[in-house]
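Listed here are the chains, written in short residue letters.
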Amino acid sequence: MSNKIYAPKGTNDILPENIPLWEKIENAAKDIAGRYGFKQIRTPEFESTNLFERGVGDTTDIVQKEMYTFTHRGKESLTLKPEGTAPVVRSFIENGMSSAAQPVKLFYLTNCFRCENPQKGRYRQFHQFGIEVFGAEDASSDAEVISVAYEFLKELGIKDVVAKVNSVGCPTCRKNYYEKLKAFISPKLDKLCDDCKNRFEKNPMRLIDCKVETCKEHIQGAPLMIDNLCTDCKDHFEKVKEYLDAMEVEYEVDPTIVRGLDYYTNTAFEFIPKDNTKSQAAIGAGGRYNGLVETLGGPKTAGIGLAMGIERILIQLEEQGITFPLENVTDLYIAPMGEAAKTTALKYATIMRREGFIVQTDVMNRSLKAQMKYADKINAKYVAMIGDEELEKGVLLVRDMQTKEQTEVAFGDLPGFLRK
Ligand code: ATP
Ligand code: MG
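Residues numbered from 1 in each chain as written. Chains lettered and ligands numbered in written order. Predicted model: local features only at pLDDT ≥ 70, side-chain atom pairs only at ≥ 80, totals over all residues. Heavy atoms only, no water.

Draft legend 1. Examining the packing of aromatic side chains more closely. Across all of its chains, the model carries 11 aromatic pairs by this definition. Ring geometry for F46 and F70: centres 6.2 Å apart, planes at 75°, overall edge-to-face. With F46 in strand β2 (residues 46-48) and F70 in strand β3 (residues 69-72), this pair connects stretches of sequence that are 24 residues apart. Seen from their ring centres, F107 and F129 are 6.3 Å apart, and the 70° between their planes marks the pair as edge-to-face. Of this pair, F107 sits in strand β5 (residues 104-113) while F129 is found in strand β6 (residues 125-134), placing the two residues 22 residues apart along the sequence. Put simply, the rings of F92, F134 and Y289 touch in pairs and so form one group of aromatic residues. Stacked on the ring of F38, the Lys or Arg K105 has its end atom at 5.2 Å from the ring centre. (Phe/Tyr/Trp six-rings, centres within 6.5 Å; stacked < 30°, edge-to-face > 60°. Helix = DSSP H or I, 4+ residues; strand = E, 2+ residues; numbered from the N terminus. Lys NZ or Arg CZ within 6 Å of the ring centre and 35° of its normal.)

Draft legend 2. Quick look at the domain arrangement of the protein chain. Along its sequence, the protein chain is organised into domain 1 (16-170 + 230-319) and domain 2 (330-419). Placing the centre of domain 1 and that of domain 2 at their C-alpha centroids yields a distance of 49 Å. (Domains from an automatic or database assignment.)

Draft legend 3. Inspection of the environment of D138 at higher detail. Within the secondary structure, D138 is located in the loop between β6 and α5 (139-156). D138 gets classed as partly exposed once you look at its relative accessible area, which sits at 44%. C-alpha of D138 to C-alpha of A302: the two residues are 164 residues apart in sequence and 9.2 Å apart in space. (Buried < 20%, exposed > 50% of the residue type's maximum accessible area, 1.4 Å probe, protein only.)

Draft legend 4. Structural view of the pairing of β3. Sheet topology note: the β3/strand β4 (residues 76-80) ladder contains four bridges and is antiparallel. The residue bridging F70 from the neighbouring strand is L78, located in β4. What sits between β3 and β4 in their antiparallel hairpin is a turn of three residues, with R73 showing a positive phi close to 45°. (Pairing = 2+ DSSP bridges.)

This is how it looks when you write it as structure tokens:
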């Protein structure tokens, strides 16, 4: 029997060679969010389970099937963060951010944990970039949030992704709509899947986006929220579209983008690749949640947010053949020959690192030949050799690894020599 230990199913190591790409994406996210005035927030990796039950909704897949929940010391129920919004709302309330200047604009880069069937683009631990805006009710805020995602993808060079937008109305217009929807569905209810049956009473709008083929057929022709909006919600949606045009965001109206819980209002949207054939293709999603802060015990506060899956962005980059010149360099490799030179090499390496250079030296007691080979492998721009002769003169023999040119340089002149 093998005693090897493997990473848990649905988790991934991000290996050193992939870190530059991850950093590129994370930095692009920070950069874009920063340009719109968003400030970063970091919340704990786990929270009270009831935060997600109330804040995500107990009719959602996340709460019904996907949470990693455990009992802490036989008492408190805790859950690994399956998404970022509920924790940010909790923090907004707990830290009294409703008395700060409004709107409060926050962004996060976080781990998420969901117990799902792993497949390409769907993991049990994954990463999200998300933003939340509190205190802004105006349609320009909806457009601004959608534009962040749009500009982010544009900055990374990702093409052929559409922003699909819809309106899920407000509790008032939804009430009338639900009557119509339920009247349409009632006669077919027994033919729908169990999820649909369960959602019929509590969250009927979700029947519209059921992925089960037979349900899709039965739901064909169902009344749509977008055709049943009240005047205020209709106006809001018209404005969102107008502002999206002004901000040069390409979008399509898609009435099947739904949410349906009471705290979701007006705008709902998803970013989906144009040739979307896979169920795990959504790159990001978001919407307005004017009722959420109140649902979680805070003062009545407008809110809107979005979350994008980093792994899904990586898939797009790969499929679209987008690469970045990611530098992986060592400025200097110091190659000592002999014990005395080694001490000097360590000392010089420290000084050069303090000067800001990326420096390696021998920690393997290798021969000069083996050290040169290693310096080549790590892409060292320069190798500085120190033998007895150099020690005596207080110099290093510096080899430019590209031109192969060798120059004797006094140690004091080395920073200047490398920077030239
Ligand atoms: P899906 O329909 O793919 O299950 P979702 O509606 O559950 O997505 P959200 O909760 O809206 O997703 O999360 C926002 C984004 O996070 C998604 O658009 C997707 O890019 C990403 N995401 C969600 N679940 C996973 C997962 N298990 N693995 C990787 N990325 C994910
Ligand atoms: Mg999901």
